[in-house]
Amino acid sequence: MNDWKDKLSELHKGGGGMKRKCTECGKEFVPKEEHHKTCFDCAKKKKGGGILNEGLPPQYLEKLAKGYFDNNNCLREEFLTEMASDVAKSFGTKLKNHQLRRFYGHIKAADNRLKMTGDWPCVNLDVKKLSSLVAEAKGKDKVPDSFYKFIDANIKKIHNQKDFEAFVEHFQAIVAYFTYHYPKNN
(Lines give C-alpha, C1' and ligand atoms only; values in the text may rest on other atoms or scores of the structure.)
Protein backbone atom coordinates (compact mmCIF):
# COMPACT_ATOMS: atom_id res chain seq x y z
CA MET A 1 0.00 0.00 0.00
CA ASN A 2 2.87 2.39 0.71
CA ASP A 3 4.54 1.30 -2.50
CA TRP A 4 3.06 4.16 -4.55
CA LYS A 5 4.08 6.70 -1.89
CA ASP A 6 7.66 5.45 -2.01
CA LYS A 7 7.79 5.75 -5.81
CA LEU A 8 6.35 9.26 -5.70
CA SER A 9 8.83 10.26 -3.01
CA GLU A 10 11.73 8.96 -5.13
CA LEU A 11 10.57 11.03 -8.10
CA HIS A 12 10.55 14.21 -6.01
CA LYS A 13 13.85 13.49 -4.20
CA GLY A 14 16.07 13.06 -7.19
CA GLY A 15 14.29 15.55 -9.34
CA GLY A 16 13.10 12.71 -11.54
CA GLY A 17 12.45 15.18 -14.33
CA MET A 18 9.96 16.95 -12.08
CA LYS A 19 12.04 19.98 -11.06
CA ARG A 20 12.04 22.98 -13.33
CA LYS A 21 13.71 26.40 -13.38
CA CYS A 22 11.39 29.34 -12.97
CA THR A 23 11.29 31.40 -16.17
CA GLU A 24 11.04 34.62 -14.11
CA CYS A 25 13.62 34.28 -11.32
CA GLY A 26 15.57 31.15 -12.29
CA LYS A 27 14.91 29.41 -8.96
CA GLU A 28 14.34 25.64 -9.08
CA PHE A 29 10.86 24.50 -8.15
CA VAL A 30 8.57 21.51 -8.46
CA PRO A 31 5.57 22.54 -10.56
CA LYS A 32 2.16 21.70 -9.23
CA GLU A 33 1.00 21.11 -12.81
CA GLU A 34 3.13 20.16 -15.79
CA HIS A 35 2.32 23.35 -17.72
CA HIS A 36 3.52 25.68 -14.90
CA LYS A 37 6.59 27.65 -15.97
CA THR A 38 7.06 29.93 -12.94
CA CYS A 39 7.51 29.29 -9.24
CA PHE A 40 4.67 30.04 -6.85
CA ASP A 41 6.17 33.37 -5.68
CA CYS A 42 6.63 34.73 -9.22
CA ALA A 43 3.18 33.54 -10.29
CA LYS A 44 1.65 35.30 -7.28
CA LYS A 45 3.46 38.57 -8.08
CA LYS A 46 2.41 38.36 -11.73
CA LYS A 47 -1.25 37.93 -10.76
CA GLY A 48 -1.10 40.99 -8.55
CA GLY A 49 -1.24 39.28 -5.18
CA GLY A 50 2.33 40.01 -4.18
CA ILE A 51 3.84 42.42 -1.71
CA LEU A 52 4.17 45.02 -4.46
CA ASN A 53 0.42 45.58 -4.32
CA GLU A 54 0.05 45.99 -0.58
CA GLY A 55 -0.34 49.77 -0.64
CA LEU A 56 -1.33 52.67 -2.81
CA PRO A 57 1.12 53.70 -5.53
CA PRO A 58 4.01 55.90 -4.40
CA GLN A 59 3.16 59.61 -4.42
CA TYR A 60 -0.59 58.99 -4.83
CA LEU A 61 -1.46 60.61 -1.51
CA GLU A 62 0.90 63.52 -2.27
CA LYS A 63 -0.79 64.14 -5.62
CA LEU A 64 -4.22 63.86 -4.01
CA ALA A 65 -3.19 66.37 -1.34
CA LYS A 66 -2.63 68.92 -4.13
CA GLY A 67 -6.27 68.49 -5.11
CA TYR A 68 -8.24 67.18 -8.05
CA PHE A 69 -7.90 70.34 -10.13
CA ASP A 70 -5.11 71.96 -12.14
CA ASN A 71 -4.34 75.69 -12.44
CA ASN A 72 -7.20 76.09 -14.93
CA ASN A 73 -9.65 74.62 -12.39
CA CYS A 74 -10.07 71.49 -14.56
CA LEU A 75 -9.82 67.92 -13.33
CA ARG A 76 -6.18 66.85 -13.61
CA GLU A 77 -5.82 64.33 -16.44
CA GLU A 78 -3.72 61.89 -14.39
CA PHE A 79 -6.75 61.19 -12.18
CA LEU A 80 -8.38 59.59 -15.23
CA THR A 81 -5.31 57.94 -16.78
CA GLU A 82 -2.05 56.58 -15.35
CA MET A 83 -2.83 57.38 -11.72
CA ALA A 84 -6.23 55.66 -11.99
CA SER A 85 -4.58 52.63 -13.60
CA ASP A 86 -1.90 52.44 -10.90
CA VAL A 87 -4.47 52.70 -8.12
CA ALA A 88 -6.57 49.94 -9.72
CA LYS A 89 -3.48 47.69 -9.86
CA SER A 90 -2.75 48.38 -6.20
CA PHE A 91 -5.99 46.68 -5.17
CA GLY A 92 -4.60 43.36 -6.45
CA THR A 93 -6.58 40.16 -6.57
CA LYS A 94 -7.82 40.46 -2.98
CA LEU A 95 -10.51 42.91 -4.05
CA LYS A 96 -13.25 41.30 -6.10
CA ASN A 97 -14.99 43.08 -8.95
CA HIS A 98 -18.40 42.83 -7.28
CA GLN A 99 -17.03 44.43 -4.09
CA LEU A 100 -15.53 47.34 -6.00
CA ARG A 101 -18.76 47.83 -7.93
CA ARG A 102 -20.79 47.76 -4.70
CA PHE A 103 -18.86 50.72 -3.31
CA TYR A 104 -18.82 52.49 -6.65
CA GLY A 105 -22.60 51.92 -6.83
CA HIS A 106 -22.95 53.74 -3.50
CA ILE A 107 -21.14 56.75 -4.97
CA LYS A 108 -23.10 56.65 -8.24
CA ALA A 109 -26.39 56.53 -6.32
CA ALA A 110 -25.29 59.64 -4.39
CA ASP A 111 -24.29 61.28 -7.67
CA ASN A 112 -27.68 60.51 -9.23
CA ARG A 113 -29.47 61.83 -6.16
CA LEU A 114 -27.44 65.03 -6.37
CA LYS A 115 -28.35 65.46 -10.03
CA MET A 116 -32.04 64.94 -9.28
CA THR A 117 -32.38 67.00 -6.11
CA GLY A 118 -29.42 69.37 -6.06
CA ASP A 119 -29.34 68.86 -2.28
CA TRP A 120 -25.59 68.78 -1.67
CA PRO A 121 -25.69 68.83 2.18
CA CYS A 122 -27.81 65.64 2.34
CA VAL A 123 -25.91 63.92 -0.45
CA ASN A 124 -22.65 64.82 1.27
CA LEU A 125 -23.76 62.77 4.29
CA ASP A 126 -24.34 59.74 2.03
CA VAL A 127 -20.88 60.23 0.56
CA LYS A 128 -19.25 60.40 4.01
CA LYS A 129 -21.02 57.12 4.98
CA LEU A 130 -18.83 55.31 2.48
CA SER A 131 -15.84 55.58 4.83
CA SER A 132 -17.62 53.58 7.52
CA LEU A 133 -18.85 50.96 5.03
CA VAL A 134 -15.33 50.40 3.71
CA ALA A 135 -13.92 50.40 7.27
CA GLU A 136 -16.32 47.58 8.14
CA ALA A 137 -15.25 45.59 5.06
CA LYS A 138 -11.58 46.19 5.97
CA GLY A 139 -12.26 45.05 9.54
CA LYS A 140 -13.71 41.81 8.16
CA ASP A 141 -10.64 41.47 5.88
CA LYS A 142 -12.83 41.65 2.76
CA VAL A 143 -10.97 44.51 1.09
CA PRO A 144 -7.24 45.23 0.84
CA ASP A 145 -5.60 47.99 2.82
CA SER A 146 -4.89 49.93 -0.37
CA PHE A 147 -8.62 50.16 -1.13
CA TYR A 148 -9.41 51.30 2.40
CA LYS A 149 -6.72 54.00 2.20
CA PHE A 150 -7.93 55.08 -1.25
CA ILE A 151 -11.52 55.60 -0.06
CA ASP A 152 -10.51 57.20 3.23
CA ALA A 153 -8.14 59.71 1.60
CA ASN A 154 -10.59 60.66 -1.14
CA ILE A 155 -13.59 61.05 1.14
CA LYS A 156 -11.53 63.38 3.34
CA LYS A 157 -10.62 65.38 0.22
CA ILE A 158 -14.26 66.07 -0.71
CA HIS A 159 -15.16 69.54 0.62
CA ASN A 160 -17.80 70.61 -1.87
CA GLN A 161 -19.94 69.46 -4.77
CA LYS A 162 -17.20 70.08 -7.34
CA ASP A 163 -14.72 67.90 -5.40
CA PHE A 164 -17.35 65.18 -5.24
CA GLU A 165 -17.97 65.30 -8.99
CA ALA A 166 -14.21 65.03 -9.58
CA PHE A 167 -14.04 62.01 -7.25
CA VAL A 168 -16.89 60.32 -9.15
CA GLU A 169 -14.91 60.69 -12.40
CA HIS A 170 -11.72 59.43 -10.74
CA PHE A 171 -13.48 56.43 -9.16
CA GLN A 172 -15.16 55.57 -12.48
CA ALA A 173 -11.76 55.49 -14.21
CA ILE A 174 -10.39 53.23 -11.48
CA VAL A 175 -13.31 50.80 -11.85
CA ALA A 176 -12.70 50.66 -15.61
CA TYR A 177 -8.96 50.03 -15.19
CA PHE A 178 -9.59 47.43 -12.49
CA THR A 179 -11.79 45.49 -14.90
CA TYR A 180 -9.04 45.77 -17.50
CA HIS A 181 -6.24 44.59 -15.18
CA TYR A 182 -8.28 41.86 -13.44
CA PRO A 183 -10.92 40.77 -15.99
CA LYS A 184 -11.79 37.48 -14.29
CA ASN A 185 -11.62 38.75 -10.73
CA ASN A 186 -15.24 38.08 -9.88
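For the structure itself, look to the data block above.
What comes next concerns the included structure. Positions within a chain are numbered from 1, following the residues in the order the chain's sequence is written. Two thresholds apply to this predicted model, a pLDDT of at least 70 for residue-level local features and 80 or more for giving and counting side-chain atom pairs, whereas whole-chain, interface and lining totals are computed over all residues. Side-chain measures here rest on the full set of heavy atoms in the structure, leaving out hydrogens and waters.

Moving on, we get to the packing of aromatic side chains. For any pair of aromatic rings, the description consists of the separation of the ring centres together with the inter-plane angle of the planes. Note on aromatic pairs: the rings of Phe, Tyr and Trp (six-membered ring only in Trp) are paired at centre separations within 6.5 Å, and the planes decide the class, stacked below 30 degrees, edge-to-face beyond 60, tilted for the rest. Counted under the stated rule, the structure contains 14 aromatic pairs. Note on Tyr-68 and Phe-69: the rings are 6.4 Å apart at their centroids and 75 degrees apart in plane angle, and the pair reads as edge-to-face. Across this residue pair, the class does not change: Tyr-68 and Phe-69 are buried. Members of the aromatic cluster, joined through ring pairs, are Tyr-60, Phe-91, Phe-103, Tyr-104, Phe-147, Phe-150, Phe-167, Phe-171, Phe-178 and Tyr-182. Over the ring of Phe-69 we find Lys-162, and its NZ or CZ is 4.7 Å from the ring centre. Relative accessibility thresholds used throughout: buried, under 20% of the residue-type maximum; exposed, over 50%; partly exposed, between the two (1.4 Å probe, protein chains only). Criterion for a charge above a ring: Arg CZ or Lys NZ at most 6 Å from the ring centre, at most 35 degrees from the ring normal.

Right, let's talk about the packing of helix 6 (residues 120-139) against helix 7 (residues 145-157) for a bit. A pair of packed helices is characterised by two quantities: the angle between their axes and the separation of those axes. Running from amino to carboxyl end, helix 6 crosses helix 7 at an angle of 160 degrees, the nearest separation of the two axes being 9 Å. Relative to helix 7, the element helix 6 is oriented roughly antiparallel. Considering only the axes of helix 6 and helix 7, their crossing is left-handed. In contact with Val-127, Lys-128, Leu-130, Ser-131, Val-134, Ala-135 and Lys-138 of helix 6, helix 7 contributes Asp-145, Phe-147, Tyr-148, Ile-151, Asp-152 and Ile-155. In the contact of helix 6 with helix 7, the residues fall into eight nonpolar, one polar and four charged. Note on method: axes are straight lines fitted to C-alpha atoms, helices fitted across the in-contact stretch only, with angles between N-to-C directions ranging 0 to 180 degrees. What counts as a helix is a DSSP run of H or I of at least four residues, what counts as a strand is a run of E of at least two, and both are numbered from the N terminus. By definition in this entry, angles of less than 35 degrees are roughly parallel, angles greater than 145 are roughly antiparallel, angles of 65 to 115 are roughly perpendicular, and the rest are oblique. We call a crossing left-handed when the near helix sits turned anticlockwise from the far one by less than a right angle, and right-handed when that turn is clockwise. Residue contacts are defined here by distance: any two heavy atoms, one from each residue, within 4.5 Å place the two residues in contact. Under this grouping Gly is polar, as are all residues other than the nonpolar Ala, Val, Leu, Ile, Met, Phe, Trp, Tyr, Cys and Pro and the charged Asp, Glu, Lys and Arg.

Our focus in this paragraph is the pattern of salt bridges. Only one rule defines a salt bridge in this text: a Lys or Arg side-chain nitrogen within 4 Å of an Asp or Glu carboxyl oxygen. Counted under the stated rule, the structure contains 10 salt bridges. For Glu-78, the salt bridge is made with Lys-63, and the minimal N-O distance between the two is 3.5 Å. One end of the pair, Glu-78, is in the loop between helix 3 (60-65) and helix 4 (82-90); the other, Lys-63, is in helix 3, and 15 residues separate them in sequence. A relative accessible area of 30% means that Lys-63 is categorised as partly exposed. Measuring nitrogen to oxygen at the nearest pair gives 2.5 Å for the salt bridge that ties Arg-113 to Asp-126. On the criterion of sequence distance, the pair formed by Arg-113 in helix 5 (residues 97-117) and Asp-126 in helix 6 is long-range, its members being 13 residues apart. By relative accessible area, Arg-113 is classed as partly exposed at 32%.

Moving on: the environment of Leu-114. For Leu-114, the location among the structural elements is in helix 5. When the C-alpha positions of Leu-114 and Glu-165 are compared, they lie 9.8 Å apart, and in sequence the two are 51 residues distant.

Moving on, we come to unusual backbone geometry. Even without being glycine, Gln-59 reaches a positive phi, approximately 70 degrees. Locating Gln-59 in the fold gives a position in the loop between helix 2 (40-47) and helix 3. In this structure Gln-59 comes out as partly exposed when scored by relative accessible area, which is 46%. Within the chain, Asp-141 stands out as a residue other than glycine whose phi angle is a positive 60 degrees. Inspection of the secondary structure puts Asp-141 in the loop between helix 6 and helix 7.

What follows is about the environment of Ala-109. Along the chain, Ala-109 falls in helix 5. Note on Ala-109: relative accessible area 45%, which makes it partly exposed. Taking the C-alpha atoms as reference, Ala-109 lies 9.2 Å from Asp-126; in sequence the two are 17 residues apart.

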